[in-house]
Amino acid sequence: MLRLTCPYCGVTGEETEFHPGGEAHLTRSGPGATDEAFRDYLFQRRNPRGVHFERWHHQYGCGKWFHAARCTLTLEVFGTYTAQTAVIPEHIIDAIQSRRPDWRPEA
Amino acid sequence: MSDPRTALQGAHFAGDVTVTDAGLIGMISIRGDQSDSGFRTAIRHVTGHDVPDQREMRGDATGGLAWMSPDDLMLFCGHAQANIMADRLTAALGDTRNMVTVLSDARAVIRLHGASVRDVLAKGAPVDLAPGKFEPGSIRRTRLGQVAVAFWLTGQDSAELVCFRSVAGFVFDWLSVAAAHGASVAYHAKPLT
Ligand SMILES: [Zn+2]
């Protein structure tokens, strides 16, 4: 059971109040992109055993989308942050590294 | 014009907690930038309420203003006044970015009354309803069973709950089962004897 804190309404709820929206921080490849880039944008997803960044929707709450950083192995949530965030915030990286010292953000 | 009717048409259930159709209630969604001073002034001027803080409920379903999300408020007023209030809001909000929508007939409001009201809600909502954790003045949007609801306490033994009109019958039945005599779990409140 995941417990997530919505950065918009401040509610800490259990996962049935939220809806998962898949991997976060995808680069959108649209018109003009190569077929390979478009294919990867549509279909290729990381599936890490460990630190992962996801989009979540506060479906039964305030209705907002947000980001979450969590561990797929232990279900530990390192932090959540708003959807209006294109790059992973520094305080989230710090929170992850305080728990996973060897982890480095991908370039 | 057709006659306005609530989805529950006055339904009432008496268990350990009473479950009652709150009747016709005006509800207006007010979207806009809550940090904008012009928005805040217009809301205060027309509704008589300050813009509520995060998850704050000002007043109740007979007259109140609820924080629904960072860009969404819900005004509760008389059903017959809703269109007039909406026009006044739209006029007062003027050029500030806003959207005012009357939702009165798209929602249902249910009142709960009884000592075990926290237990009845807690059976269906994944929310900490312990005294001190959830108190009058706060609104919580969540799920009850499998449908979206919002509720707030109006006292230590009473609450109001709003849901979509289309699921009003389901929510009413759900609450009635949870509130039936003999169904008390006596977690937050002692059972009635
Ligand atoms: Zn939320």
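Residues numbered from 1 in each chain as written. Chains lettered and ligands numbered in written order. Predicted model: local features only at pLDDT ≥ 70, side-chain atom pairs only at ≥ 80, totals over all residues. Heavy atoms only, no water.

Enquirer: Explain the pairing of strand 4 (residues 57–60) of chain B here, please?
Expert: The side chains of a regular strand alternate between both faces of the sheet. All names here are of chain B. Alignment of strand 4 against strand 5 (residues 63–69), held across four bridges, turns out to be antiparallel. Each bridged residue has a counterpart across the sheet, and for M57 the counterpart in strand 5 is A66. Counted along the chain from strand 4 to the antiparallel partner strand 5, the turn is two residues long. (Pairing = 2+ DSSP bridges. Helix = DSSP H or I, 4+ residues; strand = E, 2+ residues; numbered from the N terminus.)

Enquirer: Would you mind going over the interface of chain B and chain A with me for this structure?
Expert: It is common to give the size of an interface as the accessible area lost on bringing the parts into contact. If you look at the interface, chain B gives 16 residues, while chain A gives 13 residues. Both faces considered, chain B and chain A share a buried interface measuring about 1100 Å² in area, 48% of it formed by carbon and sulfur atoms. Inspection of the chain B/chain A interface yields three salt bridges. A salt bridge links E17(A) to R140(B), with the nearest nitrogen and oxygen atoms 2.7 Å apart. At four residues, the largest contribution of residues to the side of chain B that touches chain A is made by strand 9 (residues 139–144) of chain B. Classifying every residue of the side of chain B that touches chain A gives six nonpolar, four polar and six charged. (Contact = heavy atoms within 4.5 Å. Buried area = accessible area lost by both parts, 1.4 Å probe. Salt bridge = Lys/Arg side-chain N within 4 Å of Asp/Glu carboxyl O. Nonpolar A, V, L, I, M, F, W, Y, C, P; charged D, E, K, R; others polar.)

Enquirer: Hey, could you run me through helix 2 (residues 82–93) of chain B in this one?
Expert: Since the α-helix packs 3.6 residues into each turn, any two residues three or four apart lie on the same face. Residues and elements named next belong to chain B. Over its twelve residues, helix 2 extends 16 Å from the first C-alpha to the last, a length consistent with the 16 Å expected when each residue adds 1.5 Å. Every buried residue of helix 2 is listed here: A82, M85, A86, L89 and L93. Buried residues along helix 2 cover an arc of 100° about the axis, so they all sit on one side. Away from the buried face of helix 2 by more than 90 degrees, exposed residues N83, I84, D87 and A91 are located. In this fold, the buried residues of helix 2 make contact with strand 3 (26–32), helix 1 (37–47), strand 6 (72–77) and strand 7 (98–102). (Expected span 1.5 Å × (residues − 1). Buried < 20%, exposed > 50% of the residue type's maximum accessible area, 1.4 Å probe, protein only. Arc of directions from axis to C-beta.)

Enquirer: Help me understand the coordination of the zinc ion, please; the structure alone is not making it clear to me.
Expert: Residues and elements named next belong to chain A. The protein atoms that coordinate the zinc ion are C6 (SG), C9 (SG), H58 (ND1) and C62 (SG), at distances of 2.0 to 2.4 Å. Summarised as a motif, the one-chain spacing of the donors to the zinc ion is C-x2-C-x48-H-x3-C. A residue pair is termed long-range when its members are at least 10 positions apart, and C9 in the loop between strand 1 (3–5) and strand 2 (12–14) and C62 in the loop between strand 4 (51–57) and strand 5 (65–71) qualify at 53 residues. With a relative accessible area of 3%, C9 lands in the buried category. (Donors = N, O, S within 2.8 Å, 3.2 Å for Na, K, Ca; no water.)

Enquirer: Any chance you could explain the sheet that holds strand 3 (residues 19–23) of chain A here in plain terms?
Expert: Pairing between the strands of a sheet is mediated by backbone hydrogen bonds and can be parallel or antiparallel. Residue and element names in this part refer to chain A. The strand order across the open sheet formed by four strands is 3-4-5-6, and the pairing between neighbours is antiparallel. Of all strands in the sheet, those bounded by a partner on one side alone are strand 3 and strand 6 (77–82). Here the strands of the sheet are splayed against their neighbours by 30° on average, with no regard to which way each runs. As judged from the seven bridges shared by strand 4 and strand 5, these two strands associate in the antiparallel manner. For W56, the partnering residue across the bridge sits in strand 5 and is F66. Packed onto the sheet, helix 2 (residues 90–99) meets strand 4, strand 5 and strand 6 and runs at close to 175° relative to strand 6. (Axes fitted to C-alpha atoms, helices over the stretch in contact; angles between N-to-C directions.)

Enquirer: Help me out: how do you make sense of the domain arrangement of chain B in this one?
Expert: Residues and elements named next belong to chain B. Segmentation of chain B into domains returns domain 1 (12–23 + 106–178) and domain 2 (25–104). If you look at the interface, domain 1 gives 14 residues, while domain 2 gives 16 residues. Broken down residue by residue, the surface that domain 1 buries against domain 2 is led by R107, I139 and R141, which jointly contribute 41%. One can count zero salt bridges joining domain 1 with domain 2. For the pair domain 1 and domain 2, the number of links is eight residue pairs in polar contact (both at pLDDT 80 or more). If you list the elements that add at least two residues to the side of domain 1 that touches domain 2, you get strand 8 (107–113), strand 9, strand 10 (147–155) and strand 11 (158–164). If one sorts the elements of the side of domain 1 that touches domain 2 by residue count, strand 8 sits on top with three residues. (Domains from an automatic or database assignment. Polar contact = N/O pair within 3.5 Å; in protein donor to acceptor, adjacent residues only side chain to side chain.)

Enquirer: Where do I start with the packing of aromatic side chains in this structure?
Expert: Aromatic rings in a pair are described by how distant their centres are and how their planes are angled relative to each other. All names here are of chain A. Under the defined criterion, the tally for this structure stands at five aromatic pairs over all chains. With a centroid separation of 5.7 Å and 80° between ring planes, the pair formed by F18 and F66 is classed as edge-to-face. Taken together, the residues span a long stretch of sequence, with F18 in the loop between strand 2 and strand 3 and F66 in strand 5 at a distance of 48 residues. Here F18 and F66 have matching classes, each one buried. A centroid spacing of 6.5 Å and a plane angle of 40° characterise the contact between F38 and Y41, whose relative ring orientation is tilted. Of this pair, F38 and Y41 both sit in helix 1 (residues 35–43), three residues apart, which is roughly one turn of that helix. Residue F38 is classed as partly exposed on the basis of its relative accessible area of 39%. (Phe/Tyr/Trp six-rings, centres within 6.5 Å; stacked < 30°, edge-to-face > 60°.)

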